[in-house]
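# Coordinates in review
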Amino acid sequence: MEKVLARGTEAIAEAAIRAGCRLYFGYPITPQSELTEYMARRMPEVGGVFLQGESEVAVVNMVYGAAIAGKRVMTSTSSPGFSLMQEGISYIAGAELPCVFVNVVRGGPGLGDIQPAQSDYFQATKGGGHGDYRLIVFSPESLQEAVELTMYAFDVADRYRNPVLLLTDGLLGQMMEPVSFPEFVDLDSLPDHSSWALSGTGMRREAHRVSSFDMDPVSLEKKNMLIQSKYKEVVKNEILYEEYQLDDAEIVIVAYGTMGRIVKSVVNQAREKGIKVGVFRPISLWPFPYVQLSKWSDQASFFFTVEMSTGQFVEDVKIAVEGKRPVEYYGRTAGIIPTPNEIFAKLMELI
Amino acid sequence: MLEHILQEYQTHIFIGMGGSGKTEIAINIAIKLKEKNENVAIVDLDVATPYFRVRDKLDELKNNNLRVVTPPERYLHADVPIITAEVGGYLVNPKFKTVLDVGGDEKGATVLGSLKNFLDNSKRVIYFVVNTKRPFTQNENNIKKNIIQIEKKIRTKIDFLICNTHLKNETTNLIIEEGEKILENVSRETNIPVLFTAVSEKISDEIETKFEKFPIKRFFKDYY
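Residues numbered from 1 in each chain as written. Chains lettered and ligands numbered in written order. Predicted model: local features only at pLDDT ≥ 70, side-chain atom pairs only at ≥ 80, totals over all residues. Heavy atoms only, no water.

A few words now on the overall build of chain B. When helices and strands are counted, chain B shows 8 helices and 8 strands. Dimensions along the principal axes, computed over C-alpha positions, put chain B at roughly 45 × 40 × 35 Å. Among the 224 residues that make up chain B, the fraction classed as buried is 56%. A fraction of 72% describes how many contacts in chain B between residues 6 or more apart in sequence connect residues 24 or more apart. Accessible surface, chain B as shown: approximately 10000 Å² in total, 47% of it carbon and sulfur. (Helix = DSSP H or I, 4+ residues; strand = E, 2+ residues; numbered from the N terminus. Buried < 20%, exposed > 50% of the residue type's maximum accessible area, 1.4 Å probe, protein only. Contact = heavy atoms within 4.5 Å. Areas by Shrake-Rupley, 256 points an atom, 1.4 Å probe, with all protein chains shown as cover.)

Structural data, given as structure tokens:
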């Protein structure tokens, strides 16, 4: 397949269109504005809709409305913008609607800066909005993987009627790599949502009702428990991870997204010196591959978590390891990307 | 031809769509200019791109004894468009050869409009950089449309096209050949000549080009 030289943000946008997304609502924010710009140029070419809202609050509610109509819909933003969207995301999860969010994370908290970071991990995986809900979260390490996960995200969102988040960072969003795109999905082959979507009764059926609102605690609890059983299915079926050079590893480096890619070169460096180290890279951050990671505690002497935040992801690693082995941490924050040499030096300190 | 143009003109302006490789070409041209000129300045006018800009290669450029003009250091990573006043000074200083790296797309190029008074008093040449492997510049029609939009924004004509078609480490002879063919067609229809084809110095010996070959160092490499 013919390749193009794409930016991360452009690759994600094109992948969404290939997956059948014809509705995009967005608001520009660095370092993901190129995704919004790409959609503004591209949607008219494919007969889709691009609409810039007056804020991320408006945008998330546009996504809510479009998702209720049963169509594939997406938005993208960066950290502060994603915070603004949290209320709407909670409503969307409560109303059980499929849609895809992209957060190209930058340095925080607050306005922070525009450099790459992974400090929105808690917000992404533990619920940034209110109520008992979950986002399904995928995090790619490369542009090609971002393309695959974006397209897959729409399928997963449809399968569970739940919002899916593609969590990436400014580095992946801005870097350019050769990418090949799969063929366009046939719009007529997309999952049928006519059993619940608000698509017009044509005066031939009862109106559908899609809402997160229920005044009766008993029936709301029943609904919440149904959503929880759906989440159990997600945990059972949707865990994704990569194992790199783990077969004989005595040290397991755990990292995700761009960091997951950077630590692979640390492993190569360490292996040249005869140090038996490998990488466990969760691709789905929720559901987190607790059991799959835990398995390595029989073999490893310790786990070493590297992240572009001050210690968020490491908490899930600790839950997985259950105190059976030490879990070490190294991280940078505020948009500083740890270099392979820096991580390698820290690894040598730990040995 | 390139050699002649470099000596002939005082101000060299690089524009193009986002990610076309303007910055890399601009840096390489500045280094080339330095071979025969005492005073060379490179100006970072990119108000559109957050990463991978001239200012991110400051040390390398200063090692080449180039005068690098960027926003003040404390604002280097600010998410706001800053054009320092000294830019105008370099443009009309006859002792300097000046290279302008202008931000991507028509919005980045808008900056040039604001410098019009200085540019009109400078012997300047405008290059439009194209990588036909980038989205929205993959065929003749797209490229022509972009040229028309950008010329409107900068309120003047583009003088030369530059073929910067590549696919990073996966670049082949065929890819460059196809890129040159597309630009040749664009050139025929717009009457803007293609000045040169940029080729990474790593593969330059193996690549044959239709237009003058300009081997360049690629400054923004793969990230690990």
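The next thing to look at is the environment of aspartate 46 of chain B. Residues and elements named next belong to chain B. Inspection of the secondary structure puts aspartate 46 in the loop between β2 (40–45) and α3 (58–63). Each C-alpha atom of the pair aspartate 46 and phenylalanine 214 lies 23 Å from the other, and the pair is 168 residues apart in sequence. With near-sequence residues (within four places) excluded, aspartate 46 lies in contact with Arg53, Arg55, Asp101, Gly103 and Gly104.

To continue, consider the side chain of glutamate 96 of chain A. All names here are of chain A. By the secondary structure assignment, glutamate 96 is in the loop between α5 (86–94) and β5 (99–105). Its relative accessible area of 19% is what places glutamate 96 among the buried residues. Among the polar contacts listed, one links the side chain of glutamate 96 to the side chain of lysine 230, at a separation of 2.8 Å. In this structure glutamate 96 touches Arg161, Lys223, Ile227 and Lys230, once residues within four positions along its chain are discounted. (Polar contact = N/O pair within 3.5 Å; in protein donor to acceptor, adjacent residues only side chain to side chain.)

If you look at the biggest cluster of nonpolar residues, it comprises 114 residues, and the most contacted ones within it are Met39, Met74, Leu97, Phe101, Ile253, Phe303 and Ile343 of chain A. For this core, the element with the most residues is helix α7 (residues 143–160) of chain A, which contributes 10 residues. Every residue in contact with phenylalanine 101 of chain A, bar those within four places of it in the chain, is listed here: Val60, Val63, Thr75, Phe82, Met85, Ile89, Ile92, Pro163, Val164, Leu165 and Leu166 of chain A. Among the nonpolar cores identified, the runner-up in size contains 34 residues, and Leu115, Leu119, Ile154 and Leu161 of chain B belong to it. (Core = buried A, V, L, I, M, F, W, Y, C linked by side-chain atoms within 4.5 Å.)

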